[in-house]
Every structure is written in structure tokens, then in C-alpha cells.
Amino acid sequence: MNDNKKLTLAVIFGGASSEHDISCISAKGIVSNIDYDKYNVVLLGITKDGRWFIFNDNIELLPEDKWLNSKSLVPAYISPDSSVHGIVTAKGDIIKLDCVFPVLHGKNGEDGTIQGLLQLAQIPYVGCDATSSGVCMDKAVANAVADAFGINQAKWCAFTQYDFNKNRQECIDTAVNKLGFPIFVKPANAGSSVGITKAHDVPELIDAVNVAFKEDKKAVLEEFIDGHEVECAVLGNEEPIAAEVGEIKAAAEFYDFDAKYNNPASELCIPAEIGEEKRNEVKAQAVRAYKALGCEGMSRVDFFVRNSDGAVLLNEINTIPGQTPISMYPKLFEAAGVPYKELIDRLIGCALSRGGKF
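Residues numbered from 1 in each chain as written. Predicted model: local features only at pLDDT ≥ 70, side-chain atom pairs only at ≥ 80, totals over all residues. Heavy atoms only, no water.

Draft legend 1. Molecular detail of the sheet that holds strand β7 (residues 99-102). With mixed pairing, the 7 strands of this open sheet are ordered in space as β6-β5-β4-β3-β2-β1-β7. Where the open sheet ends on each side, the last strands, each with one partner, are β6 (94-96) and β7. Strand-to-strand twist in this sheet, taken as the mean axis angle between neighbours without regard to direction, amounts to 35 degrees. Across 4 bridges, the pairing between strand β1 (residues 7-14) and β7 is parallel. Bridge pairing in β7 links A10 to V100. Against the sheet, helix α1 (residues 20-33) makes contact with β1, β2 (39-46) and β7, and its axis sits at roughly 155 degrees relative to β1, the strand it touches most. (Pairing = 2+ DSSP bridges. Helix = DSSP H or I, 4+ residues; strand = E, 2+ residues; numbered from the N terminus. Axes fitted to C-alpha atoms, helices over the stretch in contact; angles between N-to-C directions. Contact = heavy atoms within 4.5 Å.)

Draft legend 2. Geometry of the environment of S70. Mapped onto the fold, S70 is located in the loop between β3 (52-55) and β4 (74-78). Judged by its relative accessible area of 9%, S70 is buried. The spacing of S70 and F181 is 111 residues in sequence and 50 Å in space, taken between C-alpha atoms. If near-sequence neighbours (up to four positions away) are discounted, S70 is found in contact with F55 and D57. (Buried < 20%, exposed > 50% of the residue type's maximum accessible area, 1.4 Å probe, protein only.)

Draft legend 3. Region of the structure containing the packing of α1 against helix α11 (residues 340-354). Direction vectors running N to C along α1 and α11 enclose 100 degrees, while the axes themselves pass 9 Å from each other. Taken together, the axis directions place α1 and α11 in an arrangement best described as roughly perpendicular. Between α1 and α11, the contacting residues are G29, I30 and N33 on the first element and Y340, K341 and I344 on the second. The residue inventory of the contact of α1 with α11, partitioned by class, reads 3 nonpolar, 2 polar and 1 charged. (Parallel < 35°, antiparallel > 145°, perpendicular 65-115°, else oblique. Nonpolar A, V, L, I, M, F, W, Y, C, P; charged D, E, K, R; others polar.)

Draft legend 4. Summary view of the packing of aromatic side chains. If you walk through the whole model with that rule in mind, you get 8 aromatic pairs. Ring geometry for F55 versus W67: centroids 6.2 Å apart, planes at 70 degrees, classification edge-to-face. Highlighted residues: F55 in strand β3 and W67 in the loop between β3 and β4, separated in sequence by 12 residues. Here the two residues F55 and W67 agree in accessibility, since each one is buried. Members of the aromatic cluster, connected to one another through ring pairs, are F13, F55 and W67. The side chain of K178 reaches across the aromatic face of W156, ending 6.0 Å from its centre. (Phe/Tyr/Trp six-rings, centres within 6.5 Å; stacked < 30°, edge-to-face > 60°. Lys NZ or Arg CZ within 6 Å of the ring centre and 35° of its normal.)

Draft legend 5. A look at the packing of helix α3 (residues 130-137) against helix α4 (residues 139-148). Interaxial distance between α3 and α4 falls to 5 Å at its minimum, and their mutual angle equals 100 degrees. Comparing their axes, α4 and α3 come out roughly perpendicular. Residues V135, C136 and M137 of α3 touch α4, and the partners they reach there are K139, V141, A142 and V145. The residue inventory of the contact of α3 with α4, partitioned by class, reads 6 nonpolar, no polar and 1 charged.

Have a look at this one:
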């Protein structure tokens with residue numbers, strides 16, 4: 001295939017997020033597995049303080065922000081002007097884009113911000129649109145939508161930092177009366193298990209809420225579920241499909257950021273250690289939740305399967321799931337017979353079929 005027949009794909013990585021470092025590893029995973037017979041790839045990196053650069057060097061430099069020391073860096077950004085339809089460099093050059101693959105986990109990437117920019121630019125991109133990205137990122141809003149659609153989930157409540165500071169006792173009493181102990185406390189808008197605490201009593205609960213408020217101005221509190229923590233990868237637009245169901249066995253008391261990325265004792269089981277009938281139920285509920293929250297392209301849908309009664313309870317939807325060598329999303333599709341290179345191709349195909357106009 002000639003270069004002029006190839007599609008020009010920008011992979012955006014890094015970002016001003018607590019998950020910046022994971023994003024760089026995910027980007028390496030994608031560009032290591034992409035079909036270069038079909039795509040000309042432009043790597044567009046965003047620093048932790050929000051500066052944008054084209055990076056054109058060895059992809060082994062992506063982890064640990066070694067790419068920032070590359071002499072190849074050129075300041076550049078995606079223009080919101082739809083007539084540009086691509087990247088503008090500091091030198092004044094324009095790189096027209098056919099598609100963008102945003103690999104920005106967490107805030108300023110998974111929350112609808114980059115998606116809104118790409119929608120203004122009218123450039124097709126991989127993953128959920130700005131609305132569904134924002135809904136899924138905010139755990140309180142996502143939980144409310146799930147409730148409205150009758151999707152089973154753990155009991156929960158939420159309050160803002162302002163409300164907590166104004167009526168602390170009322171917030172605590174509401175949470176304890178509704179949820180009991182232990183209680184999981186999460187920032188409403190953060191990513192990848194950042195700022196999550198398991199509280200066993202009121203003093204721990206107050207500390208946990210303050211930890212969550214370091215990440216976001218709104219906290220979500222959920223009842224503890226004794227059960228299997230399982231994940232299902234979903235792909236597609238109007239007719240999404242579910243891959244295999246996997247299970248996490250956390251090295252820590254729960255699957256926090258360290259257990260997810262830094263502790264090799266955390267174990268991924270594919271398929272999940274639940275019966276086939278229950279795995280099929282999880283797949284069906286994953287597609288249902290995906291549609292209810294308006295997802296397109298890809299998402300990883302996480303559930304609890306409660307030990308006491310086998311209930312399948314929605315935990316959360318991750319709209320830009322990790323693409324690292326140990327990430328569940330590509331592994332679940334590999335288990336379903338879709339190799340990583342083909343998966344990337346399908347994700348880009350979903351973006352192109354949706355187009356750049358919303």
C-alpha cells in the first residue's frame with residue numbers, strides 16, 4: 001500500500017492528569033501493535049502542565065516521560081478550526097488528520113474535554129463522544145443515569161466539598177444510615193482507582209472523604225460488596241459486542257492504583273472464575289450499561305458479582321481503558337479471538353464510521 005493511500009492517525013498521550021504516566025505506557029502499547037501498512041502515525045504528547053508537542057523518536061522513550069528529553073519535539077496543537085482538520089505546528093505547518101486516537105486516561109482526556117475539541121475540529125476519533133465521556137467520568141452522574149435505567153449497582157450517595165464543609169454531620173449520618181460500614185469513598189472525577197479509600201468507622205470516613213476531595217470537589221460513597229470484581233470489554237457503536245469477562249484478584253485489600261499498576265501480585269484471571277452462565281449475564285449487562293450511558297467505540301465495563309446471591313452489580317465504566325501490556329481491555333479481546341492489531345483496526349473503524357460531525 002502506498003503512503004498516499006494510508007490514513008494519517010494522531011495518537012495523543014500523556015496529559016495533565018494523575019494518570020499521565022500510565023497514558024504514556026498505553027500509547028507505547030498501541031503504537032507497538034498498530035498496522036503501519038494502513039496508517040501514518042503522528043505522536044502528539046501533552047506534558048503534565050498542559051504543553052503539546054509532536055514527538056518523532058524511539059517509542060521506547062515514552063515511559064517515565066523520557067520522551068520529553070527528545071530533540072525531536074516540536075510544539076504543536078490540534079486546531080479547533082474545522083477547515084484545518086488537523087495539527088498546527090509552531091513552524092506554521094499543518095498536518096491533516098484522518099483520525100485521532102486519544103489515549104488520555106483520567107482528567108483532561110477521559111472526561112469529554114479532548115473529545116469536545118475534536119468535535120469542534122470535526123475530526124473522527126476513537127472512543128466515546130464528549131457527552132458520554134463526561135457522564136461516565138463523573139461517578140455520581142453515571143450512578144444516577146444507571147439508576148434511571150434500572151441497572152443494578154451498589155447502594156451509593158454523593159456530596160460536594162462545599163456541602164460537606166457546611167453540613168458535615170448531616171453528610172456523615174446520611175452515608176452511614178444508607179450504606180453501613182465499611183464504605184468505599186471515591187472522588188467523583190478521577191481515574192484508575194486514584195484517591196479511593198475503604199473506611200471502617202466514622203473517623204476513617206472523614207479522613208477518606210478528605211482524601212477524595214484532594215482529587216475532586218465531589219465525593220461518591222458506596223456500600224461494600226463482598227464478591228468477585230469482574231471486567232468486560234465492549235466494542236462498537238450502534239451494535240456493540242462484549243468480549244470475554246475477566247476477574248481481578250487484588251494484591252491489596254482492594255484494587256487501588258498501586259495494586260493495579262505497581263504490585264505484581266495482583267492477578268488477572270481470564271476468563272473470570274465464575275460460571276459460564278454468570279459470565280454471559282455480565283456480558284449482557286455490560287452491553288446494556290454501555291448503551292444506557294451513550295458509549296461508542298470502546299469502554300471497559302466493571303461489575304461486582306455478589307457472593308451471597310450472585311447479583312451482577314455495575315461498578316463503573318472506563319471509557320479510555322488502559323492499553324498497557326497488563327491491561328484487561330486488549331487481553332479480554334485477545335481471549336475472544338481478536339488480536340491486538342485487529343482490535344486497534346476495529347476501534348479506528350468505529351471512529352471512521354461515526355465520522356467527524358456530531
